Amino acid sequence: MIPLLTFLNESLQTTLIEGAIAHFGKAPGPEGIGKEAPKTAQYQEEVNMKKSVFLGALTMAGLAAGAAMAQDSSTLAAVQERGALKCGVNPGTPGFAAPDANGKYIGFDVDLCRAVAAAVLGDAEKVEYTPLTSAVRFTALASGEVDMLARNTTWTFSRDVDLKNTFVGVNYYDGQGFMVPKALGVSSAKELAGATVCIETGTTTELNLADYFRVNNMDYEPVPVESFTEAQTQFLAGACDVYTTDASALAASRASFETPEAYVVLPEIISKEPLGPLVRHGDDNWGDIVRWTLNAMITAEEFGVTSANAPELVKGTENPEINRLLGVEGELGAMLGLDNAWAYNVITQVGNYGESFEKNIGENTPVGLARGLNALWTEGGLIYSPPFR
């Protein structure tokens, strides 16, 4: 059991101890209370009363700490009681999150939702998907409508600090680009002065666009849209000359066109767009679960643990990191409030990071993305997990 004083913050500890010294002559301890005071009945009565006050303060602090701990685990408890994870996703970005012909959501971001469900509930299919536009995604998370977002969302200072979100990692390093009809006859974004631009409102894309044109002393006419699907529709209908968003989404969009060869993605990347999952501020345990679920997928790829070989490796290996990851050694699951097979469930039911990438958005898919910055750190990329230790 964790000692009660562990929960007290430094200021509260100091206040209590100083008060005890003022009343008792020294800090209370096994021999400290009343050691040098005269042993009168009145004195003993005062000591007993002040001891009760001091211990009462400790009890209240302990209850407050317990309430804080309960709050920290509230999302986990709600998900487990509900028997399903509520995950906010993009309404339709091919390769990342989109319903298939049967209405089932699939994609790279969807796999992260499935991975968290596998970790927490033991079943990757126990997910309720909520398609959210850019304009409402943060409100949906803050209100509790969803338990997490896995919705190609850029990690920024204001979104983290001001909007009270906790970004738990980056699952795709991206950057903003431009797509135009080949017939427009431009080869660089610096040739877009005076262009009409389809831009999704409520996104970093909107702000980056304004900055880029301002820095390059160019004017443009924005054509606001509410969603990825609307942007595609308006762009294909000729309502705008240019479509700008994350380069990965441009690739996904172009791949879905009937005549993709009639459109070109310009070479400029004008921003940093670290995309990743996020949860509400104030629920650290839930944040840890989502963070380490992503890390489990990354670590699995790094150590060659796949959905195919994990059932064999879980019998035990010579590599202690793999053993800890799969729950063979240690009690990492218990630290999260989960079964020790949590990461094993993630890997066998969803796959490692590389498996998910190649299946949904890799070079052999219609989206056709190379790993690039999203290769493992051992392969020259930025994808990196802290150790499972």
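For the structure, see preceding data.
One structure accompanies this document, and this report is about it. (Residues numbered from 1 in each chain as written. Predicted model: local features only at pLDDT ≥ 70, side-chain atom pairs only at ≥ 80, totals over all residues. Heavy atoms only, no water.)

**Observations regarding the state of the cysteines**
And step 1. Under the defined criterion, the tally for this structure stands at two disulfides.
And step 2. In this model, cysteine 87 is linked to cysteine 113 through a disulfide, with the two sulfur atoms separated by 2.1 Å. Handedness here is read from the sign of the S-S torsion; for cysteine 87 and cysteine 113, about -60°, the answer is left-handed. Taken together, the positions of cysteine 87 in strand β1 (residues 85-89) and cysteine 113 in helix α4 (residues 108-121) put the pair 26 residues apart, joining distant regions of the chain.
And step 3. Classification of cysteine 113 by relative accessible area gives buried; the value is 0%.
And step 4. Among the cysteines of the protein chain that take part in disulfides, numbered as they appear in the sequence, the pairing is 1-2, 3-4. (Disulfide = S-S within 2.5 Å. Helix = DSSP H or I, 4+ residues; strand = E, 2+ residues; numbered from the N terminus. Buried < 20%, exposed > 50% of the residue type's maximum accessible area, 1.4 Å probe, protein only.)

**Things to note about the nonpolar core**
And step 1. Counting residues in each nonpolar core, the largest one holds 58 residues, and the members touching the most others are Leu85, Met148 and Trp286.
And step 2. When residues of this core are assigned to their parent elements, the largest contribution, 10 residues, is made by α4.
And step 3. Within the second largest apolar cluster, 14 residues are counted, among which are Phe178, Ile199, Leu209 and Val242. (Core = buried A, V, L, I, M, F, W, Y, C linked by side-chain atoms within 4.5 Å.)

**Regarding empty space enclosed by the protein**
And step 1. Evaluation of the coordinates by the stated rule reveals two cavities of 30 Å³ or more.
And step 2. Approximately 140 Å³ is the volume found for the largest cavity.
And step 3. If you go around the largest cavity, you meet 16 residues; those closest to its centre are Asn152, Glu200, Thr203, Thr245 and Asp246.
And step 4. For the lining of the largest cavity, the secondary structure elements donating two or more residues are α7 (204-215) and β11 (242-246).
And step 5. Split by residue class, the lining of the largest cavity holds two nonpolar, nine polar and five charged.
And step 6. Each pocket or cavity is described by its volume, and for the second largest cavity that value is around 50 Å³.
And step 7. Together, Phe108, Asp111, Leu112, Asn171, Leu294, Met297, Tyr353 and Ser356 line the second largest cavity.
And step 8. Within the residue set of the lining of the second largest cavity, elements represented by two or more residues are α4, α10 (284-302) and α15 (353-360).
And step 9. With three residues, α4 is the largest single contributor of residues to the lining of the second largest cavity.
And step 10. Residue composition of the lining of the second largest cavity, by class: five nonpolar, two polar and one charged. (1 Å grid on protein atoms, 1.4 Å probe; cavity = no way out; pocket = protein on both sides within 12 Å on 5 of 7 lines; lining within 4 Å. Points joined across faces, edges and corners; volume = space filled by probe spheres on them. Nonpolar A, V, L, I, M, F, W, Y, C, P; charged D, E, K, R; others polar.)

**Details of the pattern of salt bridges**
And step 1. Scanning the entire structure with this criterion turns up 10 salt bridges.
And step 2. The residue arginine 114 makes a salt bridge to glutamate 125 at a minimum N-O spacing of 3.0 Å. With arginine 114 in helix α4 and glutamate 125 in the loop between α4 and β4 (127-131), this pair connects stretches of sequence that are 11 residues apart.
And step 3. For glutamate 125, a relative accessible area of 45% corresponds to the partly exposed category. (Salt bridge = Lys/Arg side-chain N within 4 Å of Asp/Glu carboxyl O.)

**Comments concerning unusual backbone geometry**
Negative phi characterises most residues that are not glycine, and trans characterises most peptide bonds.
And step 1. You will see that lysine 164, though not glycine, has its phi angle at about 60°, which is positive.
And step 2. Here lysine 164 lies in the loop between α6 (157-161) and β6 (165-167).
And step 3. Here asparagine 217, not a glycine, exhibits a phi torsion of approximately 55°, which is positive.
And step 4. For asparagine 217, the position within the fold is in the loop between α7 and β10 (220-225).
And step 5. A residue is classified by how much of its surface remains accessible, and asparagine 217, at 73% relative accessible area, is exposed.

**Looking at the environment of tyrosine 173**
And step 1. Positionally, tyrosine 173 belongs in strand β7 (residues 172-174).
And step 2. Considering only alpha carbons, one finds tyrosine 173 and serine 248, 75 residues apart in sequence, at a separation of 9.4 Å.
And step 3. When sequence neighbours within four positions are dropped, the list of residues in contact with tyrosine 173 reads Glu273, Pro274, Leu373, Asn374, Leu382 and Ile383. (Contact = heavy atoms within 4.5 Å.)

**Observations regarding the side chain of asparagine 374**
And step 1. Mapped onto the elements, asparagine 374 comes out in the segment after α15.
And step 2. Using a relative accessible area of 1% as the deciding quantity, one classes asparagine 374 as buried.
And step 3. From its side chain, asparagine 374 meets the backbone nitrogen of tyrosine 173 in a polar contact 2.6 Å long.
And step 4. Those residues within four positions of asparagine 374 in sequence are excluded, and the remaining contacts are Asn171, Tyr172, Tyr173, Tyr353, Phe357 and Ile383. (Polar contact = N/O pair within 3.5 Å; in protein donor to acceptor, adjacent residues only side chain to side chain.)

**Describing the packing of α10 against α15**
And step 1. Close contact between α10 and α15 brings their axes to 6 Å; oriented N to C, the two are set at 95°. Viewed along their axes, α10 and α15 adopt a mutual orientation that is roughly perpendicular. For the pair α10 and α15, the contacting residues are Met297, Ile298 and Glu301 in the first and Tyr353, Gly354 and Ser356 in the second.
And step 2. When the residues that make up the contact of α10 with α15 are grouped by side-chain class, the tally is three nonpolar, two polar and one charged. (Axes fitted to C-alpha atoms, helices over the stretch in contact; angles between N-to-C directions. Parallel < 35°, antiparallel > 145°, perpendicular 65-115°, else oblique.)

Function cannot be inferred from these measures alone, as they are strictly geometric.
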